[in-house]
Amino acid sequence: METRSPGLGNPDWTDNWTTGGHVLHMEIMSGRYVWLAQGACSVEQYERLALPEGFMRTGIGRAVADAAYFARSPDADADGPVETMEVDGVRFARVARPGRPEPPREGLFVLPVHKHHRVLYRAGRTIEVLRADDGGDYLPLVAGARMAASDMDGRPRVLPDGWVVREVALDADLVVDLPCPTRVTFFTSGDSFQGPVRLGR
């Protein structure tokens, strides 16, 4: 992302911003919380990361949104700078608290995630939007992910009955606040759609 727009979030809280849309980002986890490296990384850097005791790699994937912003760390009382730490020379922000996964579906992993997340898709793009079983719209957040705790192996995406993906052409910037908790879907293709939201288009 070229600039930190005040319309998306507080530009002074630099650790709250996910920089580098359409590049790889990595996550690690300890206890109840997910920590995200807000800057871009490589697969090699992810695989060689020297983790502190009690931490595990949770995944790496390509950001789909052009910019993203976390208003606070999960369970914080108010919006403010997210909690951060440095691991093996990489700065991580505490951004999410996963909940209990839904019953398994073939080729699909779904769970609630507590986070305060705003995303931006630039005008002129065409994005995929998922309509899930609850009738809500789900935005594309991650593509080509590799997750440590699931069998995401690049197989073609298969939608459950009643789930539909459509293309939406953006003639203006699209800024969306994801709900908290956010319902997060991960397909074995490595694609993640998150919502529900209502786009009205």
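Let me sum up the structure you'll find in this document. Just so it is clear, the structure is predicted and the values come from calculations on it, not from any experiment.

## So, the overall build of the protein chain
Move 1: The helix and strand tally for the protein chain stands at one helix and 15 strands.
Move 2: Judged by the C-alpha coordinates and their principal axes, the protein chain covers about 45 × 40 × 30 Å.
Move 3: A separation threshold of at least 6 residues defines the contact pool for the protein chain, and within that pool the share at least 24 residues apart is 69%.

## Re the nonpolar core
Move 1: Among the nonpolar cores identified, the biggest contains 16 residues, and Val119, Tyr121, Ile127, Leu139, Leu174, Val176 and Leu199 are the most heavily contacted of them.
Move 2: In this structure, Tyr121 is in contact with Val64, Ala65, Asp66, Ile127, Leu139, Pro140, Leu141, Leu170, Ala172, Asp173 and Leu174, ignoring residues within four places of it in sequence.

## Some thoughts on the pattern of salt bridges
Move 1: Within this structure, the stated rule accounts for 17 salt bridges.
Move 2: Between Arg105 and Glu102 there is a salt bridge, and its shortest N-O distance comes to 3.1 Å.
Move 3: Of the charged contacts in the structure, one is a salt bridge between Arg166 and Asp137, with a shortest N-O distance of 3.1 Å. Within this pair, whereas Arg166 is found in strand E12 (residues 164-169), its partner Asp137 is found in strand E11 (residues 137-147), the two being separated by 29 residues in sequence.
Move 4: We classify Arg166 as partly exposed; its relative accessible area is 21%.
Move 5: Classification of Asp137 as buried rests on a relative accessible area of 0%.
Move 6: Taken together, the shared-partner salt bridges connect Glu102, Arg105, Asp133, Asp134 and Arg183 into one network.

## What about unusual backbone geometry?
Move 1: Each neighbour pair has its own omega, and for Cys180 with Pro181 the value is 5°, a cis peptide bond.
Move 2: Counting through the fold element by element, Pro181 comes out in the loop between strand E13 (174-177) and strand E14 (182-187).
Move 3: At the junction of Gly195 and Pro196, the peptide bond is cis and its omega measures out at 0° in the coordinates.
Move 4: Looking at where Pro196 falls in the secondary structure, it is placed in strand E15 (residues 192-197).
Move 5: Of note, His22 is a non-glycine position whose phi angle comes to about 70°, a positive value.
Move 6: Tracing the backbone through its elements, the reader meets His22 in the loop between strand E1 (17-18) and strand E2 (24-30).
Move 7: Unusually for a residue other than glycine, Asp88 sits at a positive phi of about 50°.
Move 8: With respect to the helices and strands, Asp88 occurs in the loop between strand E6 (84-87) and strand E7 (90-98).

## Comments concerning the sheet that holds strand E5 (residues 67-70)
Sheet strands associate in pairs through backbone hydrogen bonding, adopting either a parallel or an antiparallel arrangement.
Move 1: Read from one edge of the open sheet, four strands run E1-E5-E9-E13, paired in antiparallel fashion. A single partner strand is all that each edge strand has here, and the edge strands are E1 and E13.
Move 2: The pairing of E5 with strand E9 (residues 117-121) spans four bridges and is classified as antiparallel. Looking across to E9, one finds that Ala67 is bridged to Leu120.

## Looking at the environment of Trp17
Move 1: Looking at where Trp17 falls in the secondary structure, it is placed in strand E1.
Move 2: Distance in space between the C-alpha atoms of Trp17 and Leu130 is 25 Å, their sequence separation being 113 residues.

## Notes on the packing of aromatic side chains
Aromatic ring pairs are defined here through the distance separating the ring centres and the angle between the ring planes.
Move 1: If you walk through the whole model with that rule in mind, you get two aromatic pairs.
Move 2: On the basis of an interplanar angle of 85° and a centroid distance of 6.2 Å, the ring pair of Phe187 and Phe193 is categorised as edge-to-face.

What counts and how
- Residues numbered from 1 in each chain as written.
- Predicted model: local features only at pLDDT ≥ 70, side-chain atom pairs only at ≥ 80, totals over all residues.
- Heavy atoms only, no water.
- Helix = DSSP H or I, 4+ residues; strand = E, 2+ residues; numbered from the N terminus.
- Contact = heavy atoms within 4.5 Å.
- Core = buried A, V, L, I, M, F, W, Y, C linked by side-chain atoms within 4.5 Å.
- Buried < 20%, exposed > 50% of the residue type's maximum accessible area, 1.4 Å probe, protein only.
- Salt bridge = Lys/Arg side-chain N within 4 Å of Asp/Glu carboxyl O.
- Pairing = 2+ DSSP bridges.
- Phe/Tyr/Trp six-rings, centres within 6.5 Å; stacked < 30°, edge-to-face > 60°.

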